[in-house]
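Analysis of the macromolecular model
Below, each chain spelled out in residue letters.
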Amino acid sequence: MTDAIDSILAIDHGSVSTKVALLDLVEGRYRFVTQVEALTQADDPRTSLLAAVEATQRKAGRRLLENDRLLTPECTNGSGVDAVVVTTSAGSPLRVLLAGIVPEASNAAIHRVVARVPAQVAGTLGIDDLRRHGGLKGASEFLNQLPIDVILFAGGSDGTSADSLVQVARAIAAVKTDGEEPALVYAGNKDALPDIADILSSRVTMHTVPNIEPGRGRYNLQPACEELYQAYIQRDGALGAVCRSMMPLERTTLLAEAKGTGISTRFIALWSQVDTLVADVGSHTSSVFSVISGEYSATVKPGIGIGVGAHAALQSIGIAKVLSWLSPAVSEDLVLDLVMNKSLRPNTVPSTADDVLIEMALTREILAMISPPARTFGMIVISGGVAARLQNQGLVALAVLDALQPRAPVRLAIDDLSLLGRLGALATIHPEAAGQVLVEDALCPLGTAISVAGRAKEGEVAVIAKVQYASGGHIEVHVPFGGIEVVPLARAGNARLVLQPARTLQIGNAPPGKSQTMEVTGGSVGVIIDARGRPLELPLSPDKRGEKLEEWLRALSPV
Amino acid sequence: MLNPGVMRLIPGVRYSRDRRLSPDAEILVRLGQMVRPETPIARLAASAPSVNVPAGSLLGVQGEGLAQCLVKQVGDDVKEGDLLAKKGGLIGGKREVFAPAAGIIDMILYDTGEIVIARSRQIQISTAETIGRVTQIVPGERVTIETPAAIVECILGLGQPVSGILRIAVGSPSEELSEEKVSGDCRDSVLVGGVVARDQVLHLARKMGAVGIIAGGAPAARHESWLSAQPAIPLSLALTEGFGAASMHQSVFDLLGALAGAPVLIRPLPNGRARIVIMLREETELKPSPPPVLAIGSSVRIVRNPHFGAAGRIVEIPTSPQRLPSGVVTEVARVDLADHSRVVVPVANLELIG
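Per chain, the residues get numbers from 1 upward, laid out in the order the sequence is written. Each chain gets a letter, beginning with A, and each ligand a number, beginning with 1, in the order they are written. This being a predicted model, a pLDDT of at least 70 is required before a residue's local features are given, and a value of 80 or more before pairs of side-chain atoms are given or counted; all residues contribute to the totals for chains, interfaces and linings.

Glancing now at the overall build of chain A. Secondary structure elements are taken from DSSP: a helix is a run of H or I of four residues or more, a strand is a run of E of two residues or more, and numbering for both begins at the N terminus. When helices and strands are tallied, chain A shows 17 helices and 25 strands. The atom set for the radius of gyration is the C-alpha atoms, and the globule formula is 2.2 Å times the number of residues raised to the power 0.38. A compact globule built from 559 residues should have a C-alpha radius of gyration of about 24 Å, and chain A, at 25 Å, falls within 12% of that. Dimensions of chain A, computed from C-alpha atoms along their principal axes, come out at roughly 75 × 65 × 45 Å. Comment: burial labels come from other C-beta atoms within 10 Å of the residue's own C-beta, placed from the backbone, where a count of 20 or more is buried, 12 or fewer is exposed, and between is partly exposed. For chain A, buried positions account for 54% of its 559 residues. The contact criterion used here is simple: two residues whose C-beta atoms, placed from the backbone, lie within 7 Å are in contact. Within chain A, residue pairs in contact and separated by at least 24 positions form 71% of the contacts whose partners lie at least 6 positions apart.

With that settled, the discussion passes to the overall build of chain B. Helices and strands together make up the secondary structure of chain B, namely four helices and 28 strands. In summary, chain B has a C-alpha radius of gyration of 28 Å against a globular reference of 20 Å for 354 residues, an excess of more than 25%. Overall, chain B is about 90 × 55 × 45 Å in size when its C-alpha atoms are taken along their principal axes. Burial statistics for chain B: of 354 residues in total, 40% are counted as buried. If you take every contact in chain B between residues at least 6 apart in sequence, the share linking residues at least 24 apart comes to 62%.

Turning to the nonpolar core, a few remarks are in order. Side chains of a nonpolar character, in soluble globular proteins, are inclined to be buried together. Leu152, Val185, Leu228 and Ala397 of chain A together with Ile213 and Ile276 of chain B are the most contacted members of the largest nonpolar core, which totals 261 residues. If one sorts the elements of this core by residue count, helix H14 (residues 393-404) of chain A sits on top with nine residues. If sequence neighbours within four positions are ignored, Ala397 of chain A has contacts with Leu412, Leu446, Ala449, Val525, Ile528 and Leu556 of chain A. Counting residues in hydrophobic clusters, the runner-up holds 16 residues, among them Val53, Ala55, Cys69 and Ala85 of chain B. A set of buried residues qualifies as a nonpolar core if it consists of Ala, Val, Leu, Ile, Met, Phe, Trp, Tyr and Cys joined through C-beta atoms within 7 Å.

Before going further, it helps to spend a moment on the sheet that holds strand E26 (residues 332-337) of chain B. Residues and elements named next belong to chain B. Strand order in the open sheet made by the six strands is E1-E28-E22-E23-E26-E27, with mixed pairing throughout. With one partner strand each, in any of the chains shown, strand E1 (5-7) and strand E27 (342-346) form the two edges of the open sheet. Sheet twist, expressed as the mean angle between neighbouring strand axes with direction ignored, is 45°. For two strands to be treated as a pair, DSSP must find at least two bridges joining them. Pairing geometry for strand E22 (residues 299-302) and strand E28 (residues 350-353), over three bridges, is antiparallel. The partner of Ile302 across the bridge, within E28, is Leu350. Think of each axis as a best-fit line through the C-alpha atoms, taken over the contacting stretch in the case of a helix, with angles from 0 to 180 degrees between the N-to-C directions.

So, on to unusual backbone geometry. Residue and element names in this part refer to chain A. Cis peptide bonds are those with omega within 30 degrees of zero, and the linkage from Arg534 to Pro535 qualifies with -5°. If you trace the backbone, Pro535 turns up in the loop between strand E25 (526-531) and helix H17 (542-556). Here Asn67, not a glycine, exhibits a phi torsion of approximately 50°, which is positive. Mapped onto the elements of the fold, Asn67 is located in the loop between strand E4 (65-66) and strand E5 (69-70). One non-glycine residue, Asp68, lies in the positive phi region at around 65°. Checked against the element boundaries, Asp68 lands in the loop between E4 and E5. Asp68 sits in the exposed class, given 12 other C-beta atoms within 10 Å.

Note: pLDDT gives the predictor's confidence per residue, expressed from 0 to 100. Mean pLDDT over chain B works out to 88, with 96% of the residues at or above the 70 mark. The complex model carries a pTM of 0.84, and its ipTM stands at 0.83.

Counting residues at the interface gives 30 residues for chain A and 30 residues for chain B. Elements represented by at least two residues in the side of chain A that touches chain B include exactly strand E3 (29-39), helix H4 (136-145), helix H12 (332-344) and helix H13 (353-370) of chain A. If one sorts the elements of the side of chain A that touches chain B by residue count, H12 of chain A sits on top with six residues. Asp, Glu, Lys and Arg are counted as charged, while Ala, Val, Leu, Ile, Met, Phe, Trp, Tyr, Cys and Pro are counted as nonpolar; the rest, among them Gly, fall into the polar class. Here the residues of the side of chain A that touches chain B are counted per class, giving 12 nonpolar, 11 polar and seven charged.

Moving on, we come to the domain arrangement of chain B. All names here are of chain B. The domain boundaries assigned to chain B delineate domain 1 (5-15 + 148-279), domain 2 (49-119) and domain 3 (299-353). A straight line from the C-alpha centre of domain 1 to that of domain 3 covers 26 Å. Opposite the 13 residues of domain 1 that make contact, domain 3 presents nine residues. Those elements giving two or more residues to the side of domain 1 that touches domain 3 turn out to be E1, strand E19 (236-243) and helix H4 (250-258). With three residues, the top contributor of residues to the side of domain 1 that touches domain 3 is E1. Along the lines of polarity and charge, the residues of the side of domain 1 that touches domain 3 split into four nonpolar, eight polar and one charged. Each domain's extent is set by a domain assignment, obtained either automatically or from a database.

Moving on, we come to the packing of helix H5 (residues 163-173) of chain A against helix H6 (residues 193-200) of chain A. All names here are of chain A. Between H5 and H6, the shortest axis-to-axis distance is 9 Å and the interhelical angle comes to 15°. Regarding the angle of H5 to H6, the classification is roughly parallel. The two elements H5 and H6 meet at a crossing, and its hand is right-handed. On the side of H5, the interface is formed by Leu165, Val166, Ala169, Arg170, Ile172 and Ala173, while H6 contributes Asp195, Ile196, Ile199 and Leu200. An angle below 35 degrees is read as roughly parallel, one above 145 as roughly antiparallel, one from 65 to 115 as roughly perpendicular, and any other as oblique. Crossings are assigned a handedness: left-handed for a near helix turned anticlockwise from the far helix by less than a right angle, right-handed for a clockwise turn.

Right, let's talk about the domain arrangement of chain A for a bit. All names here are of chain A. Taken domain by domain, chain A comprises domain 1 (2-91 + 237-254), domain 2 (94-234) and domain 3 (260-453 + 525-556). Distance from the C-alpha centre of domain 2 to the C-alpha centre of domain 3: 35 Å. Residues of the side of domain 2 that touches domain 3, tallied by class, amount to three nonpolar, one polar and one charged.

A separate point is the pairing of strand E1 (residues 8-13) of chain A. Consecutive residues of a regular strand have side chains that alternate between opposite faces of the sheet. Residue and element names in this part refer to chain A. For E1, the buried fraction is high: six of the six residues fall into the buried class. Burial along E1 is two-sided: the residues Ile8, Ala10 and Asp12 and Leu9, Ile11 and His13 are all buried. Here six bridges tie E1 to strand E6 (residues 83-88), and the two strands are oriented parallel to one another. When the sheet's bridge partners are listed, His13 is paired in E6 with Thr88. Summarising the sheet, E1 and strand E2 (residues 17-26) pair through six bridges and their orientation is antiparallel. Pairing of Asp12 across the sheet is with Lys19, part of E2. Adjacent in sequence and paired antiparallel, E1 and E2 are bridged by three residues.

Attention now goes to the sheet that holds strand E7 (residues 77-78) of chain B. Residue and element names in this part refer to chain B. Pairing is antiparallel in the open sheet, where four strands are placed in the order E6-E11-E10-E7. Two strands close off the open sheet at either side, each with one partner strand: strand E6 (51-53) and E7. Here three bridges tie E6 to strand E11 (residues 114-118), and the two strands are oriented antiparallel to one another. When the sheet's bridge partners are listed, Val51 is paired in E11 with Ile117.

All names here are of chain A. Helices are assigned an expected span. That span is 1.5 Å times one less than the residue count. Along its 16 residues, helix H9 (residues 257-272) runs 22 Å from first to last C-alpha, staying within 8% of the 22 Å computed at 1.5 Å per residue. Counting buried residues in H9 gives 12 out of 16 residues, a clear majority hidden from the surface. Taken together, the buried positions of H9 are Glu257, Ala258, Lys259, Gly260, Thr261, Gly262, Ile263, Ser264, Thr265, Phe267, Ile268 and Ala269. Where H9 ends, the next residue or the one after it, Gln273, has phi of about 60°, a positive value.

Residue and element names in this part refer to chain A. Running from amino to carboxyl end, helix H10 (residues 310-317) crosses H13 at an angle of 65°, the nearest separation of the two axes being 10 Å. Here H10 lies roughly perpendicular to H13, going by the angle between them. In the crossing of H10 with H13, the sense of the turn from one axis to the other is left-handed. Across from Ala310, Ala313, Leu314 and Ile317 in H10, the residues of H13 making contact are Leu362, Glu365, Ile366 and Met369. Residue composition of the contact of H10 with H13, by class: seven nonpolar, no polar and one charged.

The next subject is the environment of Asp191 of chain A. Within the secondary structure, Asp191 of chain A is located in the loop between strand E10 (183-186) and H6. When the C-alpha atoms of Asp191 of chain A and Ala162 of chain A are compared, they prove to be 7.2 Å apart, with 29 residues separating the residues in sequence.

Further remarks concern the environment of Gly385 of chain A. Residue and element names in this part refer to chain A. Within the secondary structure, Gly385 is located in the loop between strand E16 (379-383) and H14. Under the C-beta neighbour-count criterion, Gly385 is labelled buried, with 26 such atoms within 10 Å. Gly385 has contacts with Val281, Gly282, Ile306 and Thr363, leaving out every residue within four places of it along the chain.

Here you go:
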């Protein structure tokens, strides 16, 4: 199929809006052409998709639909497209029963699997739970009442005793469900599989994947994640049916948006050759995807976001933390009203400077909450939420530095077209097209940020930066401790940076006071020298804090 | 262009609601009968699943050994917490097993050591949950309730479906529903206020007999306390605009004012929103009300700061996105407000009315 693909329609069916992007070959390379966004109609994916594709037709001046079906493949007159990729994040999280948990194991692996996909734990059923429910019958009655989409059955390293898993399997087999049987993903002790299959294969649809913990402390999570992603897509039957009615199956790829973003994250890490973090603060779900020393990891938090999930996020974080990023003049009531209204009407956008600062304050705290503790990423990409819509990208860069407090020089970029999920889906059928669009259009570089760690006296020179532009010319910047300076360097620009920190401060892993020389790339913001120290400490006095926040904001987003 | 949301405000429509019934349900209403949300329309005697109590394993006895421990026998009535079986006591560890639910001892399964309690049959009543007249009854399937009505879709609903008589308690859509406004006999009333800001008003309104409140906005902090209130908030509440000091939209206030004295239903919806259904007279002439569209001349309200709650008409829809003071670049519309000022508003922050 790859040979035949010139043009692609990339559709994201989100909880708030449905986005349709047209990608096409332009002078021999795959490029982003245009994008349209329409409100998602809850429970009516067909209307949402049709409205968005019709709007794309109008905007692109290209016929894409005929009798409410997508025209494929592309015609000689330029109508239609060759392939369609659809990602979805509109469905509610997958409800997973964790079964087979053995008390002597850490069970961290099974929870990590669920944390990597848009899912929530609906309940657990281990040998302890069997006892708690008074045996098989009690346990099966308990299971019967649980709303479950999937049973993830795991536990025990290969070669260990299968007894407890067999008992749990009997409890699952005893369940009499009135409705549809949930699917079961078996990802446990492989030596228990024959017995488990004997008990369960006639009762549930069993999918078997390699053990998530084949040996004590050795993990293999991805196969089980893939199965849960598959279940997530299949559970949202309405979207699948709409896709089948609108698009030819052989030219359509349907994927969970989070899975697509994970694929893109791995691509970015390969391309940039550095540890990479992609953070997606969406309306209903927030996720982080990372590759550290070649190892991929993901955390997906359904219900926490900057739109529908804004109220839940605020409750989880606490309003005091959000207020700490705002001027003391902003009242708790104002923040609460705005956040609650945003949850009610998640499609609204901030019109005023105050509104955007409140949304970005909440975004900071969501980022801080979901991100891994490592602070040495070489590349950080921000996706979703208000950040993707802001022309003032200095504010986005500042929020990332505040929330993640990187300690090593890091390139910052923004997925301002919200394409990462869809490009990940595209990569499964056409990696070349996905890679070209990702690098040339999807990743909008903000620049490079260099932070100094340690403490010094406020106002003293923390770092002297000598910037030698590749295009010629140089400047020298003295950055006081507690401040941030931005050195202009455009998107296509490169420069050599020589940094001399004060004797108590360090850059990256270098010893305190040791100078550093590095090549840096630019972006819409430039080269950011963050001399606020690590960990970042906000002044305790509200007035002083307000002054510093304003100072940092001015440095990154001059009026 | 991102299409805006819609606030449905329908001055006259035939409002119909089907209440689905279980096949064995007994119908309690007749054709033509007027109903309210709490009117029982059907009942069903349903048996709850039996409960198996693993007495043998809890007492540590096997097989027929359980017989020596039984306090209750097959056929005995039991209440929740009643002693079912016990072991030991004078010397050694005492163990007792209690009934987790009320019912009748149905069986003792000596091979598994279980005591089976058959739970009493429970009567389930289905209520109308709406207002109107019963227009169709299909036994074992549904009861249809209809009325000519005006409909207002609200952004938030709390509490249970309630009906009462619509009573306007304030003089303007921005006026707060204060304690002073909740006066006299409010029995079976649904009070309309511009803003509801204080918990005391809800309690006073309930004390005076009101069953519900319709308002434009309320502080979000109040919502937090209402959600966590134990017991639940004293009456049902519908907000037309959202959180903060948002006035009720003038056209909503005008419609409610014109229908003061009519029976009204507040129906909180599963998605957290609410629908207000105001009964019209049977002879009311109903005109079709197609959904509004984004166009010049469309009536809109603004649903986000800095003009949150303001109403107006679209006068221009620029074709290219514009940069807002917030730094966001998005599609906008120019709107003439009721005070004759003209503002630029993101299309995403507009709701079409109609």
